[in-house]
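Residue-level listing of the chains:
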Amino acid sequence: MSKIHIFRVDSVPTISRGGGVTTTPLATQFTAPESRFTTGMSVYPVGKGAPLHKHNCDEQVTLLEGVGEVEIDGKITPLKQYDSTYIPGGVVHAFRNKGNSSMRILWIYAASRVTRTFEGSDEEVEHLSAKDMMVKT
């Protein structure tokens with residue numbers, strides 16, 4: 001039988017990602033090593049967003065709070081609360097806060113080991129590592 005994990009958000013340490021962006025990791029290779037996916041939430045302050053990037057795996061994102069947009073392969077789509085996206089691995093994309101308050105997203109990756117490659121770079125960085133910063137305005 002697989003091990004069951006309960007992630008109490010109030011007791012999970014948040015990670016500063018640069019530019020005021022914070023992340024609360026939930027199911028990760030460190031907190032649930034047997035998991036086949038990776039989950040968490042990120043909060044973007046007004047006017048902030050992720051740089052264009054791609055991942056080594058598929059990603060599903062749901063906008064939980066605020067107003068945002070997603071850019072996928074150069075096309076920008078507005079997002080409102082509870083809108084969700086599915087982005088296959090290797091597709092360049094970015095989420096941005098376009099509202100007047102914080103934007104919170106829930107992300108789910110279809111892998112236990114997740115990497116990010118920023119647009120214009122060939123360097124693949126480990127997800128949530130010190131090199132995986134969100135500082136685009």
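What you see is a predicted model, and the numbers here were worked out from it, not measured in a lab.

**Q** Which parts of the structure should I look at to understand the pairing of strand 6 (residues 68-72)?
**A** Looking along a regular strand, one sees the side chains alternate between the two faces of the sheet. Among the five residues in strand 6, four count as buried, and that is most of the element. Connecting strand 6 to the next strand, strand 7 (residues 75-79), in antiparallel fashion are two residues, including Asp 73 with a positive phi near 50°. When strand 6 meets strand 9 (residues 93-97), the two strands line up antiparallel, connected through five bridges. Residue pairing for strand 9: Glu 71 is matched across the bridge by Ala 94.

**Q** Which parts of the structure should I look at to understand the packing of aromatic side chains?
**A** Enumeration according to the criterion identifies one aromatic pair in this entry. Between the aromatic rings of Trp 107 and Tyr 109, the centroid separation amounts to 5.3 Å while the plane-to-plane angle is 45°, which identifies the pairing as tilted. Note on Trp 107: relative accessible area 3%, which makes it buried. The buried category is assigned to Tyr 109, whose relative accessible area is 2%.

**Q** Which parts of the structure should I look at to understand the UniProt feature "domain: Cupin type-2" (unreviewed entry) in the chain?
**A** When the UniProt feature table is mapped to this numbering, "domain: Cupin type-2" (unreviewed entry) covers residues 42-109. The straight-line gap between the two end C-alpha atoms of residues 42-109 is 13 Å; of that span, 0% is helix and 57% is strand.

**Q** Would you mind showing me how to read the pairing of strand 1 (residues 15-18) here?
**A** Of the strand pairs in this sheet, strand 1 and strand 2 (residues 21-25) are connected by three bridges, and their pairing is antiparallel. By the bridge assignment for strand 2, Gly 18 is matched with Val 21. Here strand 1 folds back onto strand 2 in antiparallel fashion, the turn holding two residues, of which Gly 19 has a positive phi close to 65°.

Here is what the cut-offs are and how they apply
Residues numbered from 1 in each chain as written. Predicted model: local features only at pLDDT ≥ 70, side-chain atom pairs only at ≥ 80, totals over all residues. Heavy atoms only, no water. Buried < 20%, exposed > 50% of the residue type's maximum accessible area, 1.4 Å probe, protein only. Helix = DSSP H or I, 4+ residues; strand = E, 2+ residues; numbered from the N terminus. Pairing = 2+ DSSP bridges. Phe/Tyr/Trp six-rings, centres within 6.5 Å; stacked < 30°, edge-to-face > 60°. UniProt positions renumbered as here; feature names shortened; annotations may be inferred.

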